[in-house]
Amino acid sequence: MLDINYIRQNPEKVKRDTASKNKNPELVEKVLDLDKKRRNLIAQIEELRAKRNEIAKKGKASNEGKKIKEELKEIEPKLEEVERDYKNILYQIPNIIAEGVIVGKDESENKVLRKWGKIPKFNFDVKDHLEIGQALGIIDTETAAKVSGARYAYLKGEGALLEFALVMFAFETLMNKRVLEEIAKRVEKGYTAKPFVPVVPPQMIKPDVYVKMARLGPDTIEERYHLPKDDIYLVGSAEHTLGPMHMDEAIPEDNLPLRYVGFSTSFRREAGSYGKDTKGILRVHQFDKVEMESFTTPDNSIKEQDFFVGVQEYLMQALGIPYQVVSICTGDMGGPDYRQIDIESWMPGQGKYRETHTSDLMTDYQSRRLNTKVKRKDGSTELVHMNDATAFAIGRTIIAIVENYQQKDGSVKIPKVLQKWMGMDKITLSKV
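An account of the accompanying structure is given in this report. (Residues numbered from 1 in each chain as written. Predicted model: local features only at pLDDT ≥ 70, side-chain atom pairs only at ≥ 80, totals over all residues. Heavy atoms only, no water.)

**Looking at the sheet that holds strand β7 (residues 232-234)**
Heads up, the rule is: Here, any two strands with at least 2 DSSP bridges between them count as paired. Working definition: helices are DSSP H or I runs of at least four residues, strands are E runs of at least two. Numbering for both runs from the N terminus.
A sheet is described by the order of its strands in space; here three strands give the open sequence β5-β7-β6, paired in antiparallel fashion. Two strands in the sheet have a free side with no partner beyond their single neighbour: β5 (204-205) and β6 (225-227). Bridge analysis of β5 against β7 gives two bridges, and the strand direction is antiparallel. Bridging across to β7, Ile205 finds its partner in Tyr233.

If you want it as structure tokens, here you go:
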């Protein structure tokens, strides 16, 4: 959430940025009105309590003391109600946007920053990933539909091996200081190449923590799977449980940046996407991801996001997948985002680029709710800045590999960097 002091001092900017994200700018006036009521009630309560304490010091009951007690009984519930409404509205106001972010209504106004790789040319009819996967016996949506319903899939044989090869490649890269140094120096000379800590995080999260992560609200709740009996949610991505790892902590400045790479299954209802991308494994209810999460000082958070994008580009270039880097406009970016950058990979079966990676700079929007701070060397504390980004969305990366590396005889070549984990250089016919 935003700092209420910032909203008080910059109401017009907050309104503009809120409107640019297709949210109601009237939320700003509402929260300022509730903030005023809240402060007035707090002042009244504090004044009454001070008077009550003075009377108590005198050591005898009085009519005035009884009157104060009655007044407090009436005002305190009002404060609780106002606090509840204030918090609810404050949580709905999105993060402000970084300088240079494009103000646009939807994805049609996103801007391509750069492209890498040559789009492959084929001397045969190009197939999509599902057709290829079914022929090779590595993707099975028909059996999954019988067992689990629509938008589920089995990865079998070499398809399963391909998933774990991608996971191992991502983890190996993000723990390799030499590789990270090469990426970091493109961001800034001397920028830290501190390796990532590998994590397998929980796949369930408490509702209150989910709210603090700004990932459970009116705009997202329909996407989430809730287990009512236990009052717990299945995560929609690994960063949902990586982000709260330092909740209510003050991290020593010398320990920053803290970088984590997590592998997790993710769950999304895909509400509102009926009839959209129903074929294959592009848009499913259950999928696996390797995610990056970091905690930095405020002065390094933009550089850290640039570093994350550099990691993403390194991974995709190593796989040999053509892609474009896209600056996301306000109307298409997430509410908690200060700046969002995506990578869209070329998918020959669709004849277009599709999103495979996202990188989100949240500044202190999440850490303010989570109460995650940095303890400076002089003993002072301030909120950390948080970044999260995709290393690999496994299903979508498999689509990109299968479609870009398809051969005329129906086989699929394996990118060289994955061959040591696959134990083969080509998928020809599934053994399963």
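**Quick notes on the side chain of Thr173**
Which entries qualify depends on this criterion: The classification of residues rests on relative accessible area computed with a 1.4 Å probe and restricted to protein chains. Under 20% of the type maximum is buried, over 50% is exposed, and intermediate values are partly exposed. In what follows, a contact means two residues having at least one pair of non-hydrogen atoms within 4.5 Å.
Among the structural elements, Thr173 can be located in helix α7 (residues 158-174). On the accessibility criterion, Thr173 (4% relative accessible area) is buried. Non-local contacts of Thr173, meaning those with residues more than four positions away in its chain, are made with Val179, Leu180, Tyr314 and Leu315.

**Describing the pattern of salt bridges**
Short version of the rule: For this analysis, a salt bridge means a side-chain nitrogen from Lys or Arg found within 4 Å of a carboxyl oxygen belonging to Asp or Glu.
Overall, the coordinates contain 30 salt bridges when judged by the stated rule. One salt bridge connects Glu109 with Lys105, and the closest N-O pair in it is separated by 3.3 Å. You can call Lys105 exposed: its relative accessible area is 53%. Across the salt bridge formed by Lys185 and Glu182, the nearest N and O atoms sit 3.2 Å from each other. Within this pair, Lys185 and its partner Glu182 are both found in helix α8 (residues 177-187), separated by three residues, close to a single helical turn. Residue class for Glu182 comes out partly exposed when judged on its relative accessible area of 33%. Via salt bridges that share partners, Arg8, Asp35, Arg38, Arg39 and Glu83 belong to a single interconnected network.

**Section: the packing of aromatic side chains**
Our working definition: Each aromatic pair joins two rings of Phe, Tyr and Trp (for Trp, the six-membered one) with centres within 6.5 Å, and gets the label stacked for planes under 30 degrees apart, edge-to-face for over 60, and tilted for any other angle. Ring-over charges, as used throughout, are those where CZ of Arg or NZ of Lys falls within 6 Å of the ring centre and within 35 degrees of the ring normal.
As enumerated under the stated definition, the model contains ten aromatic pairs in all. Centroid distance Trp116 to Tyr323: 5.6 Å. Interplanar angle 20°. Geometry classified as stacked. Residue Trp116 is found in strand β1 (residues 111-116), and its partner Tyr323 is found in strand β11 (residues 323-327); the two are separated by 207 residues along the sequence. Of the residues examined, Trp116 reaches a relative accessible area of 29% and is grouped as partly exposed. Put simply, the rings of Tyr191, Phe196, Phe307 and Phe308 pair up and form one aromatic cluster. When the ring centre of Tyr86 is taken as reference, the NZ or CZ atom of Arg38 above it lies at 4.5 Å. The lysine or arginine in question, Arg369, covers the ring of Tyr91, its NZ or CZ lying 3.8 Å from the ring centre.

**Notes on the nonpolar core**
Operational definition: Definition of nonpolar core: a set of buried residues of the types Ala, Val, Leu, Ile, Met, Phe, Trp, Tyr and Cys, connected through side-chain atoms within 4.5 Å.
By size, the foremost hydrophobic cluster in this structure holds 54 residues, and its most contacted members are Val290, Phe307, Leu319, Phe392 and Leu418. Take this core: its biggest share by element is eight residues, from α7. For Val290, the contacting residues outside a window of four places in its chain are Val167, Ala170, Phe171, Val261, Gly262, Phe263, Thr390, Ala391, Phe392 and Ile394. Listed in part, the 35 residues of the second largest apolar core include Ile4, Leu32, Ile55 and Ala214.

**Describing the layout of surface pockets**
What counts here: A cavity here means a set of 1 Å grid points, computed over protein atoms only, where a 1.4 Å probe fits but cannot escape. A pocket is an open set with protein on both sides within 12 Å along at least 5 of 7 lines, and lining residues have an atom within 4 Å of a point. Grid points are joined across faces, edges and corners, and a volume is the space filled by probe spheres set on the points. When residue character is reported, Ala, Val, Leu, Ile, Met, Phe, Trp, Tyr, Cys and Pro are called nonpolar, Asp, Glu, Lys and Arg charged, and the others, Gly included, polar.
Looking at the second largest pocket, its volume works out to about 250 Å³. Taken together, 14 residues line the second largest pocket, and the ones lying closest to its centre are Arg114, Asp306, Val309, Gly310 and Glu313. Counting residues per element, the ones that place at least two in the lining of the second largest pocket are β1, α8, α11 (301-319) and β12 (339-347). In terms of residue count, α11 provides more of the lining of the second largest pocket than any other element does, six residues in total. In terms of residue class, the lining of the second largest pocket is built from seven nonpolar, two polar and five charged.

**Some remarks on the packing of α8 against α11**
What counts is decided by this rule: Convention adopted: a line fitted to C-alpha atoms gives each axis, helices being fitted over their contacting stretch, and angles between N-to-C directions are expressed from 0 to 180 degrees. Each angle receives one of four descriptions, namely roughly parallel if under 35 degrees, roughly antiparallel if over 145, roughly perpendicular if within 65 to 115, and oblique otherwise. The sense of a crossing depends on the near helix, which, turned anticlockwise from the far helix by less than a right angle, makes the crossing left-handed and, turned clockwise, makes it right-handed.
Contact geometry for α8 and α11: axes closest at 9 Å, N-to-C directions at 130°. Here α8 lies oblique to α11, going by the angle between them. The hand of the α8/α11 crossing is right-handed. Residues Val179, Leu180, Ile183, Ala184 and Val187 of α8 touch α11, and the partners they reach there are Lys303, Asp306, Phe307, Gly310, Val311 and Tyr314. Among the residues forming the contact of α8 with α11, the class breakdown is eight nonpolar, one polar and two charged.

**Thoughts on the packing of helix α2 (residues 11-20) against helix α3 (residues 26-58)**
One can describe the packing of α2 onto α3 by two numbers: an axis separation of 8 Å at closest approach and a directional angle of 140°. In terms of orientation, α2 and α3 fall into the oblique class. Of the residues in α3, those in contact with Pro11, Val14, Lys15 and Thr18 of α2 are Val28, Glu29 and Leu32. In terms of residue class, the contact of α2 with α3 is built from four nonpolar, one polar and two charged.

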